[in-house]
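So you can see what is in the structure, the chains are spelled out below.
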Amino acid sequence: MKNILILLVTYLISLWSFSQNKEQDSVKITNLEEIILIGHKAALYEKEIKSLGTVDEFLQQSSKVDMIKRGAYAWEPIINNMATERTLITIDGMRIFGACTDKMDPITSYVEVTNLSEATINSGQEGGLFGSTIGGSIDLKRNKSTFGENQWKYQINSGFETNNSQKIVGASLNYRGKKIYVDTDVMHRNANNYKAGNNSEVLYSQFNKINVSNTIGFKYNDSKLIETSLIYDKATNVGYPALTMDVSLAKSLITSIKYEYKPLNSNIKNWETKLYFNTIEHKMDDTTRPNVPIHMDMPGWSETFGYYSKLNFTKEKHQVLVNLNSFYNKSVAEMTMYPNNPNENIMFMYTWPDVRTFYNGIFINDDFIINNNSTLNVSTSFGSHSNKVASDFGLQSMQIFYPNMEAQKVRFLKSFGTKYKYVKSAFYYSLGMAYSERPPSVSEGYGFYLYNSFDGFDNIGNPNLTNEKAIEASLSFGFEKDRFKVNASTSYFSFFDYIIAITNPVLVPMTIGANGVRVYTALENASIFNSSISSEINLSNAFKYNIQVSYARGKDNNNDNLPFISPLSYTTSVRFNKNQFTTELSLRGNAIQSHYNPEYGEDKTPSYAVISINSGYKFKFQTTSFITKVGIENVLDTYYSTYADWKNIPRMGRNIYINLNISL
Ligand SMILES: [Cu+2]
């Protein structure tokens with residue numbers, strides 16, 4: 001708390017001192033959001049990574065994003081060391097909720113790199129554009145053509161990875177005209193078990209996925225556009241080696257229709273309204289595993305309807321964004337247990353008791369140009385959030401623990417943030433303060449005997465939880481000149497009513513072999529501190545050196561460590577770039593995880609460092625262009641796991657890949 005007060009005072013003083021400086025404005029509003037180019041677009045800009053890597057691999061480039069891994073597929077993004085509940089992930093502004101009680105299907109698992117052009121990452125409360133968040137947001141932006149002279153484009157994407165024999169095959173077809181564009185693509189991935197370092201096979205790490213996507217844009221005059229979008233994604237036979245079950249089916253259909261108004265010569269820059277619907281089906285499967293103590297069926301479904309209407313306009317020195325948004329989600333998950341003894345009864349329960357969530361909110365953001373050097377950003381959001389348990393059976397089950405529980409609970413959510421940015425020649429800095437709130441997730445509020453294999457406890461939701469709140473302070477500064485760039489940023493989140501599951505010694509677990517039962521509770525306070533420093537040096541026109549170092553700490557109310565907080569981590573690389581050829585040598589590693597907490601299932605994960613090499617070559621043959629990427633990941637075949645690997649599941653050993661994109 002003291003730290004926050006000091007920061008707040010410093011912040012106010014600097015605000016006051018710089019606002020005294022009144023010059024004519026010409027400063028451009030520089031957004032602090034981070035943009036990561038994805039897929040083909042990244043390849044075009046000679047980004048170092050493989051062009052057909054997974055969405056997860058692309059997101060991992062950000063110093064603010066890391067991934068919790070339960071296997072080779074569907075990693076769970078964490079932003080500022082906060083996982084799904086505290087963050088917000090959207091696809092072109094659409095809210096989508098996974099259908100798995102074990103977090104096997106983050107939103108990022110339902111898209112493909114060929115669907116996307118980039119990801120916008122916002123840290124902390126700034127990410128509240130499409131709903132409430134504490135840690136930040138990732139908005140995945142669809143790939144789409146623009147209008148122009150009639151043109152057809154075909155593309156073939158293919159790749160192979162040796163470690164798990166991953167085969168990647170895809171094609172896309174883009175048409176653009178003066179009034180219409182149509183983008184379609186198909187992508188298929190299939191992989192066997194991967195091998196960790198020292199050639200040790202990781203059983204149940206295979207996956208198979210097909211993804212189809214389509215976008216149609218129609219312009220009926222110079223300022224008005226209608227666009228429809230569809231993504232169909234189906235993963236089958238996906239292994240989760242760190243968990244006790246696999247997935248036989250994870251299927252999604254994501255659809256939307258958008259109306260966009262972009263008047264010329266107006267204060268209104270852009271006004272877009274979107275209606276959307278998505279449906280997800282998830283089926284867990286334990287039939288492929290040996291020695292299952294009790295066979296279970298655990299399917300889950302999630303359906304979301306929603307809309308947003310986002311208006312961007314300028315007024316004098318203000319650039320304002322207003323976004324009205326709303327969604328209605330239905331989440332159901334079931335568990336049926338089949339005892340080995342046929343005389344015993346089959347047991348059925350709702351692990352998510354058909355929870356209906358209805359959210360209505362508004363987000364307003366104002367970028368104000370104070371003078372030549374400084375801008376002030378202010379943003380706020382308000383929302384009403386209601387949860388209703390629609391299944392009577394599910395409600396009665398929850399009432400065993402909460403006899404006075406009612407089916408519906410309504411809460412209000414608000415957030416407020418301000419950020420001051422100052423730029424002078426090569427130097428810049430920014431200071432921010434924010435307050436944000438989030439509601440409990442469906443699992444935290446209504447989960448019923450959800451087994452967490454990480455700490456070995458069955459978890460029970462708590463419908464009486466209040467909103468989790470956080471005060472956030474952030475500071476970033478940097479220097480950019482000629483061949484040298486450096487940026488350092490830190491953020492500090494002080495939580496109130498931090499939601500976490502705490503052991504209740506009275507309750508008896510349902511899962512055979514579980515350590516006990518935990519109930520979601522609010523800790524009076526907790527804190528998370530993040531920091532990172534990155535630098536880029538152009539050694540010559542052809543050689544570039546990069547380094548990025550991050551460090552974080554997380555503590556609960558007893559000053560004990562919070563789980564899944566990154567130890568010191570680093571990546572560094574040297575890149576050579578000449579004409580159409582690039583090559584890169586990189587080193588990535590973590591220090592030893594000394595701030596772990598065994599209470600949450602963590603142990604002291606050793607340090608690691610892995611070396612990778614890649615190179616890319618672009619060339620044109622007549623009208624056909626080729627992009628090839630070849631690389632070796634984990635060159636030394638190191639056996640390792642990180643703090644974010646579920647139950648220390650080892651990472652992939654040496655892997656050689658080749659990606660080829662052909663455009664006609
Ligand atoms: Cu699942």
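None of these values were measured; they are calculated from a predicted model.

## Considering the overall build of the protein
Reasoning step 1: Summing up its helical and strand segments, the protein has five helices and 33 strands in all.
Reasoning step 2: Over its C-alpha atoms the protein spans a radius of gyration of 25 Å, differing by no more than 12% from the 26 Å that the globule rule assigns to 664 residues.
Reasoning step 3: If one aligns the C-alpha atoms of the protein with their principal axes, the spans along those axes are about 80 × 55 × 55 Å.
Reasoning step 4: Counting over 664 residues, the protein shows a buried share of 55%.
Reasoning step 5: Summarising the internal contacts of the protein: among those between residues at least 6 apart in sequence, 66% fall at separations of at least 24.

## Quick look at the nonpolar core
Reasoning step 1: One finds Ile38, Leu59, Ile91, Ile138, Leu140 and Tyr240 to be the most contacted residues of the largest nonpolar core, which totals 84 residues.
Reasoning step 2: Beyond its immediate chain neighbours, meaning those up to four positions away, Leu59 contacts Ile36, Val65, Met67, Thr108, Ala119, Ile138 and Leu140.
Reasoning step 3: If you look at the next biggest cluster of nonpolar residues, it comprises 14 residues, including Ala470, Phe495, Leu523 and Ala526.

## Things to note about the environment of Ser51
Reasoning step 1: Mapped onto the secondary structure, Ser51 falls in the loop between helix H2 (39-44) and helix H3 (55-59).
Reasoning step 2: The spacing of Ser51 and Gly159 is 108 residues in sequence and 9.2 Å in space, taken between C-alpha atoms.

## Re the coordination of the copper ion
Tetrahedral coordination by four donors places them ideally at 109.5 degrees to one another around the metal; octahedral coordination by six donors ideally gives 90 or 180 degrees.
Reasoning step 1: For the copper ion, the protein coordination sphere consists of Cys100 (SG), Met104 (SD), His282 (NE2) and Met284 (SD), at 2.1 to 2.7 Å.
Reasoning step 2: Relative to the metal, the four donor atoms surrounding the copper ion lie at angles of 88 to 123 degrees, and the coordination shape comes out tetrahedral.
Reasoning step 3: Sequence spacing among the residues donating to the copper ion works out to C-x3-M-x177-H-x1-M. With Cys100 in the loop between strand E5 (94-95) and strand E6 (116-123) and His282 in strand E16 (residues 268-285), the pair connects residues that are 182 residues apart, well separated along the chain.
Reasoning step 4: Note on His282: relative accessible area 1%, which makes it buried.

## Looking at the pairing of strand E15 (residues 246-261)
Reasoning step 1: As paired elements, strand E14 (residues 224-238) and E15 share 14 bridges and run antiparallel to each other. The partner of Ile226 across the bridge, within E15, is Tyr259.
Reasoning step 2: Strand direction decides the pairing type here: E15 and E16, joined by 15 bridges, are antiparallel. Directly across from Glu260, in E16, lies its bridge partner Glu272.
Reasoning step 3: Here E15 folds back onto E16 in antiparallel fashion, the turn holding six residues, of which Asn265 has a positive phi close to 50 degrees.

## With respect to unusual backbone geometry
Reasoning step 1: Of note in the backbone geometry, Asn81 takes a positive phi value of approximately 65 degrees without being a glycine.
Reasoning step 2: If you trace the backbone, Asn81 turns up in the loop between strand E3 (76-79) and strand E4 (87-91).

## Re the sheet that holds E4
Reasoning step 1: Pairing is mixed across the open sheet formed by five strands, whose spatial order is E1-E6-E7-E4-E5. Taken across any chain shown, the strands that pair with only one partner, and hence form the sheet edges, are strand E1 (34-37) and E5.
Reasoning step 2: Sheet topology places E6 next to strand E7 (residues 136-142); seven bridges connect them, and they run antiparallel. Residue pairing in the sheet places Ile121 in a bridge with Ile138 of E7.

## Considerations on empty space enclosed by the protein
Reasoning step 1: Summed over the entire model, instances satisfying the criterion amount to six cavities of 30 Å³ or more.
Reasoning step 2: Taken as a whole, the largest cavity holds about 160 Å³ of empty space.
Reasoning step 3: Residues belonging to the lining of the largest cavity are distributed by class as follows: seven nonpolar, three polar and four charged.

## Points about the packing of aromatic side chains
Reasoning step 1: Within the structure shown, the criterion is met by 28 aromatic pairs.
Reasoning step 2: Between Phe348 and Tyr350, the ring centres sit 5.3 Å apart and the planes meet at 80 degrees, which makes this aromatic pair edge-to-face.

## Things to note about the pairing of strand E32 (residues 624-633)
Reasoning step 1: Both strand E31 (residues 608-621) and E32 contribute to a ladder of nine bridges, which runs antiparallel. What sits directly across from Phe621, in E32, is Thr624.
Reasoning step 2: Turn length for the E31-E32 hairpin, with the two strands adjacent in sequence and antiparallel, is two residues, and the turn residue Gln622 shows positive phi of about 50 degrees.

## Section: the side chain of Arg438
Reasoning step 1: Note on placement: Arg438 falls in strand E22 (residues 427-438).
Reasoning step 2: Here Glu444 takes part through its side chain, which lies 2.7 Å from a polar atom of the side chain of Arg438.
Reasoning step 3: Apart from the residues lying within four places of it in its own chain, the contact partners of Arg438 are Glu85, Arg86, Ser132, Ile134, Leu413, Glu444, Asn467, Glu468 and Ile499.

## What about helix H4 (residues 392-399)?
Reasoning step 1: All of the buried residues in H4 are Gly394, Leu395, Ser397 and Met398. For H4, the arc enclosing every buried residue in end-on projection is 160 degrees, short of the 170-degree limit, so these residues lie on one face.
Reasoning step 2: For H4, the elements touching its buried residues are strand E19 (347-369), strand E20 (374-389) and helix H5 (442-446).
Reasoning step 3: Of the residues that open H4, the one with a side-chain oxygen 3.4 Å from the backbone nitrogen of Phe393 is Ser391.

## Remarks on a nonpolar patch on the surface
Reasoning step 1: A grouping of Ile180, Ile216, Phe218, Tyr220 and Tyr259 is seen on the molecular surface, where their side chains present a nonpolar patch of about 400 Å² in accessible area.
Reasoning step 2: Residue placement: Tyr259 occurs in strand E15.
Reasoning step 3: The class for Tyr259 is partly exposed, based on a relative accessible area of 31%.

## Quick look at the environment of Glu227
Reasoning step 1: Position of Glu227 relative to the elements: it lies in strand E14.
Reasoning step 2: Residue Glu227 is classed as buried on the basis of its relative accessible area, which comes to 4%.
Reasoning step 3: Taking C-alpha positions, Glu227 is 4.2 Å from Gly217, a pair spaced 10 residues apart along the chain.
Reasoning step 4: Not counting residues within four places of it along the chain, the set of residues in contact with Glu227 comprises Lys144, Tyr181, Thr215, Ile216, Gly217, Ser256, Ile257 and Lys258.
Reasoning step 5: Polar side-chain contacts of Glu227 include one of 3.4 Å to the side chain of Lys144.

## Examining the pattern of salt bridges
Reasoning step 1: All chains considered together, the criterion is met by 31 salt bridges.
Reasoning step 2: The partner of Lys50 in a salt bridge is Glu57, and the shortest N-O contact between them spans 3.3 Å.
Reasoning step 3: A relative accessible area of 2% places Lys50 in the buried class.
Reasoning step 4: Among the residues examined, Glu57 registers a relative accessible area of 19% and is labelled buried.
Reasoning step 5: Through salt bridges with shared partners, a single ionic network connects Asp92, Lys144, Glu227, Lys258, Glu260 and Glu272.

## Quick word on the confidence of the model for the protein
Reasoning step 1: Within the protein, residue pLDDT values average 92, and 94% of them lie at 70 or more.
Reasoning step 2: Predicted confidence for residues 18-29 stays below pLDDT 50, and this span has 27 contacts to residues more than four positions away or in other chains.

## Some details on the side chain of Asn163
Reasoning step 1: Structurally, the position occupied by Asn163 is in the loop between strand E8 (151-161) and strand E9 (166-176).
Reasoning step 2: Polar contacts involving the side chain of Asn163 include one to the main-chain carbonyl oxygen of Arg654, which spans 2.8 Å.
Reasoning step 3: In this structure Asn163 touches Asn193, Tyr194, Lys195, Met652, Gly653, Arg654 and Asn655, once residues within four positions along its chain are discounted.

## What to know about the environment of Thr87
Reasoning step 1: On the secondary structure map, Thr87 appears in strand E4.
Reasoning step 2: Once you skip the residues sitting within four places of it in the chain, Thr87 turns out to touch Ile79, Met82, Thr133, Gly135 and Gly136.

Here is what the cut-offs are and how they apply
- Residues numbered from 1 in each chain as written.
- Predicted model: local features only at pLDDT ≥ 70, side-chain atom pairs only at ≥ 80, totals over all residues.
- Heavy atoms only, no water.
- Helix = DSSP H or I, 4+ residues; strand = E, 2+ residues; numbered from the N terminus.
- Rg over C-alpha atoms; globule rule 2.2 N^0.38 Å.
- Buried < 20%, exposed > 50% of the residue type's maximum accessible area, 1.4 Å probe, protein only.
- Contact = heavy atoms within 4.5 Å.
- Core = buried A, V, L, I, M, F, W, Y, C linked by side-chain atoms within 4.5 Å.
- Donors = N, O, S within 2.8 Å, 3.2 Å for Na, K, Ca; no water.
- Tetrahedral: all angles 85-135°; square planar, octahedral: opposite > 155°, others 65-115°.
- Pairing = 2+ DSSP bridges.
- 1 Å grid on protein atoms, 1.4 Å probe; cavity = no way out; pocket = protein on both sides within 12 Å on 5 of 7 lines; lining within 4 Å.
- Points joined across faces, edges and corners; volume = space filled by probe spheres on them.
- Nonpolar A, V, L, I, M, F, W, Y, C, P; charged D, E, K, R; others polar.
- Phe/Tyr/Trp six-rings, centres within 6.5 Å; stacked < 30°, edge-to-face > 60°.
- Polar contact = N/O pair within 3.5 Å; in protein donor to acceptor, adjacent residues only side chain to side chain.
- Arc of directions from axis to C-beta.
- Patch = residues over 30% accessible without salt bridge, like charges linked within 9 Å, V, L, I, M, F, W, Y side chains within 5 Å.
- Areas by Shrake-Rupley, 256 points an atom, 1.4 Å probe, with all protein chains shown as cover.
- Salt bridge = Lys/Arg side-chain N within 4 Å of Asp/Glu carboxyl O.
- pLDDT = per-residue confidence, 0-100.

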